[in-house]
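The lines below spell out each chain.
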Amino acid sequence: MDKNLLDQIRRGIEGEVIETPETLTEYSHDASLFEVVPEVVVFPKNQEDVEKLVRIVKENIINFPNLSITGRSAGTDMSGGPLNDSIIVEFSKYFNHTPTIEGQTATTEPGVFYRDFEKETLAKGLLFPSYPASKSICAMGGIVNNNSGGEKSLKYGKTQNYVEKVKAVLSDGKTYEMKPLDQDALDSKMKQQDFEGEIYRKMFTLVRENKTLIENARPKVLKNSAGYNLWDVWNEKTGIFDLTKLWVGAQGTLGMMVSAEIGLVPVNKYREMVVIFLPDLTKLGEIINKILPFGPESFESYDDNTLKLALRFFPEFAKKLGVSGMIQAGIAFLPAFLMMFVGRLPKLILQVDFTGNSSEELKVKVDQLMKELEPLHLKTQIAIGDQEEKYWLIRRESFNLLRNKIRDKHTAPFIDDFVIDPQKIQIVIPQITDILAKHPEFIFTVAGHVGEGNFHIIPIVDIKNPAVREAIPKIADEVYKIITENGGSITGEHNDGLIRTPYLIQMFGVEMIKLFEEVKDIFDPQGIFNPRKKVHGDLKFAMEHIREKW
Ligand SMILES: Cc1cc2nc3c(=O)[nH]c(=O)nc-3n(C[C@H](O)[C@H](O)[C@H](O)COP(=O)(O)OP(=O)(O)OC[C@H]3O[C@@H](n4cnc5c(N)ncnc54)[C@H](O)[C@@H]3O)c2cc1C
């Protein structure tokens, strides 16, 4: 980075400005497939630091057209969202004060790790129910800016349902608050003769004048993080206009978030789990139809490859359960070991979780479900105690285990998060696994939120192999074609980032892409925030930045 510009940043802010090779290497990665080396990493101490940094960038972009800023909280994104070749703004060092909770709302900074946030909410008997599977390693900044979802989203919906207010530094270098506004509040915002007034005027015009186009483009799936969420910004019937809906999931392309207010729900006391073992996918549609009306809190699945992996790395899995847990897990896993030995592992395992505040009510529900499933002659089990833990452990930890354990091979998330109508799973999933099967250098596991039709297919590859590198864009093209032709979403939770932004046009069409670009121009006319994400995707750039090694 230019020395004068770097000096200007150093003089301008209180926090650290670091450009050592170790730091740049550390921030060139997230949990995605990519490596993009930044020029500098800035650790702002406070809101004023973020404001000053944005102003410095804004003033210097004329002389340095590639200058930009990208926010980062815990860096566990799987899409390359927090990667950028200019300035990274790291929030987890200083924006990590203990959240405050009033009533059922928590106020949090972006750098607060979810595990710490949850400690505070659970102490009050409350929960943020849209936590992702990465709950032990990710932070609130990424959860909000990715519109994350997880195992409870089937019942509770995603992050966008819980964000009540967002405080953010926008491209004029000032901090603003976004929240739901009624017509009067919106009118007075639109009268303001400043940048904020201009944003409200332009955004209101954009959503009002394009309401049919926007409504028609609303993803017809149960979960979506693709594109800008324009379809929930303005509710014509109630008159509520809410820019938090646009912000959540915008991957930091509209500005830097410095805090958020987040709604919580009471924790349910009791739980019951039904596990179903399927020899093939033929009855899946029918099974889903029978289960969903019972209103499970989560309805998850994983395939035989995931189970095989769990068995192969059994000691690592069992370690997570502690000493007595290990012994119990040993007993609990024994039947699966035997099934693997005789080559009869189930093709797909479904786990259906119910929670509630009356254990009797739950038991009745489970009994009714079991009766409902009887005519299908399925192999089922009601999981209790350590068995429940076992199934959750495989479902939650499989990806992390894949990331860390297979020698010379690494997880390559690039078709990791698509969503389809659950009724189409049995047709679409085999089509996709057939594509992968044509590439023997790709080992893969399938796991996902089956109740929402949201699947995580994570191949494990030797990334140095030229055949693998060549195949990645080809497989991605084929898979996203199938998904979009089936009316699906290219991402339910993990968001667009470097990998999927180029495919937004397939999912939404040219006119919606133009609207997305207008939104970006309204908020960020100079294009200083997180380039190549959400708009102006660049597949060539992405493919040129696939990691060489781990
Ligand atoms: C093992 C594993 C499992 C996962 N499971 C799930 C899952 O179940 N569901 C799910 O949704 N995701 C999942 N993910 C992906 C990821 O962990 C989540 O999306 C998580 O919420 C990201 O949080 P983070 O703090 O690490 O975000 P980061 O990686 O730091 O950032 C994510 C995005 O938000 C932007 N951002 C971060 N902070 C700010 C800020 N202050 N202002 C503006 N923009 C900002 C970044 O630029 C980036 O685009 C998983 C990842 C892993 C490694």
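Structure report, in brief. (Residues numbered from 1 in each chain as written. Predicted model: local features only at pLDDT ≥ 70, side-chain atom pairs only at ≥ 80, totals over all residues. Heavy atoms only, no water.)

## Concerning the site of the ligand
Phase 1: Close to the ligand lie 37 residues, the nearest being Gly71, Ser73, Thr76, Ser134 and Gly149.
Phase 2: Note that an oxygen atom of the ligand is positioned 3.4 Å from one of the backbone N or O atoms of Gly142.
Phase 3: Looking at the shell around the ligand, the elements that each hand over two or more residues are β3 (69-72), α5 (140-146), β13 (256-263) and α16 (385-405).
Phase 4: At 5 residues, the largest contribution of residues to the shell around the ligand is made by α5.
Phase 5: Class assignment for the residues of the shell around the ligand results in 14 nonpolar, 19 polar and 4 charged. (Near = heavy atom within 4 Å. Polar contact = N/O pair within 3.5 Å; in protein donor to acceptor, adjacent residues only side chain to side chain. Helix = DSSP H or I, 4+ residues; strand = E, 2+ residues; numbered from the N terminus. Nonpolar A, V, L, I, M, F, W, Y, C, P; charged D, E, K, R; others polar.)

## Comments concerning helix α15 (residues 359-373)
Phase 1: The end-to-end C-alpha distance of α15 is 21 Å, a good match for the 21 Å that 15 residues give at a rise of 1.5 Å each.
Phase 2: Restricting attention to buried positions, one finds in α15 the residues Ser359, Leu362, Val366, Leu369 and Leu373. The buried side chains of α15 occupy one side of the element, clustering within an arc of 85° when seen end-on. Exposed residues lying more than 90 degrees from the buried face of α15 are Glu360, Glu361 and Lys371. (Expected span 1.5 Å × (residues − 1). Buried < 20%, exposed > 50% of the residue type's maximum accessible area, 1.4 Å probe, protein only. Arc of directions from axis to C-beta.)

## What about the side chain of Gln351?
Phase 1: Relative to the elements of secondary structure, Gln351 occurs in strand β17 (residues 348-356).
Phase 2: Here Gln351 is in contact with Met273, Val274, Ser298, Phe299, Glu300, Tyr302, Tyr391, Trp392 and Arg395, once residues within four sequence places are set aside. (Contact = heavy atoms within 4.5 Å.)

## Let's talk about the packing of aromatic side chains
Phase 1: The final tally for this structure, using the stated rule, is 16 aromatic pairs.
Phase 2: Ring plane angle 35° and centroid distance 6.1 Å describe the contact between Tyr114 and Phe117, whose orientation is recorded as tilted. Within this pair, Tyr114 and its partner Phe117 are both found in helix α4 (residues 114-123), separated by 3 residues, close to a single helical turn.
Phase 3: Chaining the aromatic ring pairs together yields one cluster made of Tyr114, Phe117, Phe128, Tyr131 and Tyr162.
Phase 4: Over the aromatic face of Phe43 sits the side chain of Lys93, whose NZ or CZ is 5.4 Å from the ring centroid.
Phase 5: The ring of Phe113 carries the charged tip of Arg115 above its face, separated from the ring centre by 4.3 Å. (Phe/Tyr/Trp six-rings, centres within 6.5 Å; stacked < 30°, edge-to-face > 60°. Lys NZ or Arg CZ within 6 Å of the ring centre and 35° of its normal.)

## Comments concerning the sheet that holds β3
Phase 1: In spatial order, the strands read β1-β2-β4-β3; together these 4 strands make up an open sheet with mixed pairing. In this open sheet, the two edge strands, each paired with only one partner strand, are β1 (16-18) and β3. For this sheet the average axis-to-axis angle between neighbouring strands, irrespective of direction, equals 25°.
Phase 2: Note: β3 against strand β4 (residues 87-90), 4 bridges, orientation parallel. Bridge pairing in β4 links Thr70 to Ile88. (Pairing = 2+ DSSP bridges. Axes fitted to C-alpha atoms, helices over the stretch in contact; angles between N-to-C directions.)

## As for unusual backbone geometry
Phase 1: For Asn495, which is not a glycine, the phi torsion comes out positive at approximately 80°.
Phase 2: The residue Asn495 is located in the loop between α18 (466-485) and α19 (497-500) in this model.
Phase 3: Judged by relative accessible area, which is 0%, Asn495 ranks as buried.
Phase 4: In the Ramachandran plot, Lys534 falls in the positive-phi region, its phi being about 70° despite a non-glycine side chain.

## A few points about the nonpolar core
Phase 1: Met203 and Leu230 are the most contacted members of the largest nonpolar core, which has 122 residues in total.
Phase 2: Not counting the four nearest positions on each side in its chain, Met203 is found in contact with Leu230, Phe241, Leu243, Leu246, Val519, Ile522 and Phe523.
Phase 3: In terms of nonpolar packing, the next biggest core, distinct from the first, is built from 24 residues, Leu6, Ile69, Ile528 and Phe529 among them. (Core = buried A, V, L, I, M, F, W, Y, C linked by side-chain atoms within 4.5 Å.)

## A short note on the sheet that holds strand β11 (residues 234-235)
Phase 1: Overall, antiparallel pairing links the 3 strands, which are arranged β10-β12-β11 in an open sheet. Unpaired on one side and paired on the other, β10 (180-181) and β11 mark the two borders of the sheet.
Phase 2: Alignment of β10 against strand β12 (residues 240-242), held across 2 bridges, turns out to be antiparallel. Paired with Pro180 across the bridge in β12 is Asp242.
Phase 3: Of the strands in this sheet, β10, β11 and β12 are in contact with helix α8 (residues 195-209), which crosses β12 at around 115°.

## A short note on the pattern of salt bridges
Phase 1: In this structure the tally under the stated criterion is 27 salt bridges.
Phase 2: A salt bridge links Arg218 to Asp232; the shortest N-O distance between them is 3.1 Å. Taken together, the residues span a long stretch of sequence, with Arg218 in the loop between α9 (211-217) and β11 and Asp232 in the loop between α9 and β11 at a distance of 14 residues.
Phase 3: The class for Arg218 is partly exposed, based on a relative accessible area of 27%.
Phase 4: Take Asp232: its relative accessible area is 26%, and that puts it in the partly exposed class.
Phase 5: In this structure, the salt-bridge partner of Arg500 is Asp416, at a minimum N-O distance of 2.8 Å. With Arg500 in helix α19 and Asp416 in strand β20 (residues 415-419), this pair connects stretches of sequence that are 84 residues apart. Here Arg500 matches Asp416 in class, with each residue buried.
Phase 6: What you see here is one network of salt bridges that share partners, running through Glu215, Arg218 and Asp232. (Salt bridge = Lys/Arg side-chain N within 4 Å of Asp/Glu carboxyl O.)

## What about the pairing of strand β8 (residues 163-169)?
Along a regular strand, successive side chains alternate from one face of the sheet to the other.
Phase 1: Pairing of β8 with β13, which is carried by 6 bridges, proceeds in the antiparallel orientation. Among the inter-strand pairings, Ala168 is bridged to a residue of β13, identified as Met257.
Phase 2: As paired strands, β8 and strand β9 (residues 175-178) are joined by 4 bridges and run antiparallel to one another. The residue of β9 that forms the bridge with Lys167 is Glu177.

Read these as spatial facts, not as claims about activity.
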